[in-house]
Each structure stands twice: as structure tokens, then as C-alpha cells.
Amino acid sequence: MHPMSGKIITVNKEKTMEGYICGKCAGRIPHVIHGDLPKTNLERIREVIAYEKNTKEKEFTVIASLGKLRLDEMHGRFAITDSIKSDGTLPDSADIFDLLYLESIGIYPINPRQKGKDIICDMEFNCSFKYPTIKFKVTVCRNSKCDYKRINSSQVSWSEPGVLSMFRNMFEQSIDTAIKNTSMTRNISWSLMVLRS
């Protein structure tokens, strides 16, 4: 029996903390938190589904991208999606979130390594929200070329890719713009990772 609708579930069901939900309801939960379903109660699932419905109905204009992380400063939103349609819109499978509800955020390089003569890294995005109460982290870029300089024949000093710094600044500006367009005050903390060579 579906705990939210009361209907009998026979196929495409997903396990939650309090039983099963149908595949249709599970499909409305953002992909980036889908793995948390077995640890999620029905109250939180209802909250996430209501939030998802509200964000899907709004317009989204991509102004900047960092891998699968898409930013819309005009509407105060961001999305996680692998692709953009040919007309510049997001696919239905995109996970869309409002910047105003962010509680903490971090965008930083992970897994630095040498590839040929270059230093490359992956880029991770993590965040938490006040509403709905969710948090997630996702690798948004892989194999990004880092800035580096050779110290000697066996040592290299590296720093994050310049595009990451630029995107982080744009994300920060988009949060500020979203706040200016409302009566909310800023209460978002950035998590920073100290880079060591």
C-alpha cells in the first residue's frame, strides 16, 4: 500500500524509511538525493515533492555552466543536469533548486592528479538547504586542467582551475541578486577547501 496515496503498489516501487512509494513519486525526487530514499521519512518526501513541483513550473535561463552545474541568475536558481536542449532549455530530468533556500555551499577541486604533463582534477559541488531539508554533493566536472608551475624536476605546485574561481564568483553574485530581489537577508555559508600542493 502506498503510504502517501493509499493505493496498492505492484511495480516500480522504491523503498523508504516508512515503506514503499510508487515509481511516479520517486521520479519526482531530485536525482542527486535519490540514493537517500531508504533513510527518508514520508514527511520529508512530501516536502521534497512539493518543492520539486514548484521549481519545475518556473522558467530557467542558463547564464553559466560548470560541467553539469547550471546557473540562472535572472531567476535565482541553479540546476544539476548532464545536458541542455538545443533550444537552450533544460531537459525534464534536470534537478532545479532555488538559491534563496541555500544554507551552505561549496564548489572545489577534488582528486588532483597528473595526466601526461598536466595536472587535472575533478570538481565537486555540495550544498544544504533550509527548505526542503536536504543536502547533497555531486561531482560536476571531471578531468579539468589545473593551473600549475614546476618547482623542480620532481615537484609541482598547483592551484584550482581559473574557471572554477570565476564560476564561484558568478554563483556568489547570483545569490546576492536573488536576495536583493526579495526581502530575505543573507545567511549562507561557503565551505572552502584549503589547497595544498
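What counts as what
- Residues numbered from 1 in each chain as written.
- Predicted model: local features only at pLDDT ≥ 70, side-chain atom pairs only at ≥ 80, totals over all residues.
- Heavy atoms only, no water.
- Pairing = 2+ DSSP bridges.
- Helix = DSSP H or I, 4+ residues; strand = E, 2+ residues; numbered from the N terminus.
- Axes fitted to C-alpha atoms, helices over the stretch in contact; angles between N-to-C directions.
- Contact = heavy atoms within 4.5 Å.
- Salt bridge = Lys/Arg side-chain N within 4 Å of Asp/Glu carboxyl O.
- Buried < 20%, exposed > 50% of the residue type's maximum accessible area, 1.4 Å probe, protein only.
- Expected span 1.5 Å × (residues − 1).
- Arc of directions from axis to C-beta.

Chemist: Describe in detail the sheet that holds strand β4 (residues 69-72), supporting the description with residues and values.
Modeler: One open sheet holds the 4 strands; their spatial order is β3-β4-β5-β6, and the pairing between them is antiparallel. Both edges of this open sheet fall to β3 (64-66) and β6 (95-98), since each of them pairs with a single strand only. The mean angle between the axes of side-by-side strands here comes to 20°, regardless of whether they run parallel or antiparallel. Across 3 bridges, the pairing between β3 and β4 is antiparallel. From the neighbouring strand, L66 faces β4, where its bridge partner is L69. Relative to β6, helix α2 (residues 42-56) is tilted by about 90°, and along the sheet it contacts β5 (77-80) and β6.

Chemist: Tell me about the pattern of salt bridges, and please be specific about residues and values.
Modeler: Enumeration over the complete set of coordinates arrives at 6 salt bridges. In this structure, the salt-bridge partner of R113 is D122, at a minimum N-O distance of 3.0 Å. Judged by relative accessible area, which is 25%, R113 ranks as partly exposed. When the shortest N-O distance is used, the salt bridge between R168 and E160 registers 2.9 Å. Pair check on accessibility: R168 and E160 agree, each one buried. Sharing partners across several salt bridges, the network here consists of R113, D122 and R142.

Chemist: Which residues make up α2, and what are the values?
Modeler: Spanning 15 residues, α2 covers 21 Å between terminal C-alpha atoms, matching the ideal 21 Å at 1.5 Å per step. Within the sequence span of α2, burial applies to L42, I45, V48, I49, Y51, E52 and T55. In this structure, the buried residues of α2 make contact with β1 (13-16), β2 (19-22), α1 (23-27), β5, β6 and β8 (118-129).

Chemist: Got a sec to walk through the pairing of β8? Specific residues and values, please.
Modeler: With 11 of 12 residues buried, β8 is to be regarded as a mostly interior element. Where strand β7 (residues 102-115) lies against β8, 11 bridges are found, and the strand directions are antiparallel. The residue bridging P109 from the neighbouring strand is M123, located in β8. Looking at chain direction, β8 and strand β9 (residues 135-145) are connected through 8 bridges and run antiparallel. Within the sheet, the bridge partner assigned to M123 lies in β9 and is C141. In textbook terms, the turn of a hairpin is the stretch between consecutive antiparallel strands, and for β8 and β9 this stretch comprises 5 residues.

Chemist: Account for unusual backbone geometry, with residues named and values stated.
Modeler: For N111, which is not glycine, the phi dihedral falls at a positive 55°. Given the relative accessible area of 44%, N111 is considered partly exposed. Although it is not a glycine, N143 sits at a positive phi angle of roughly 55°. Within the element layout of this structure, N143 appears in strand β9. Residue N143 is classed as partly exposed on the basis of its relative accessible area, which comes to 43%.

Chemist: An account of helix α3 (residues 162-180) is requested, with residue identities and associated values reported.
Modeler: In this model α3 runs 27 Å from its N-terminal to its C-terminal C-alpha over 19 residues, within 8% of the 27 Å that 1.5 Å per residue would give. Every buried residue of α3 is accounted for by L164, F167, R168, F171, S174, I175, A178 and I179. End-on view of α3: buried residues confined to an arc of 135°, all on one side of the axis. Turned more than 90 degrees away from the buried face of α3, the exposed residues are M166, N169 and K180.

As far as function goes, none of this settles anything; it's purely spatial.
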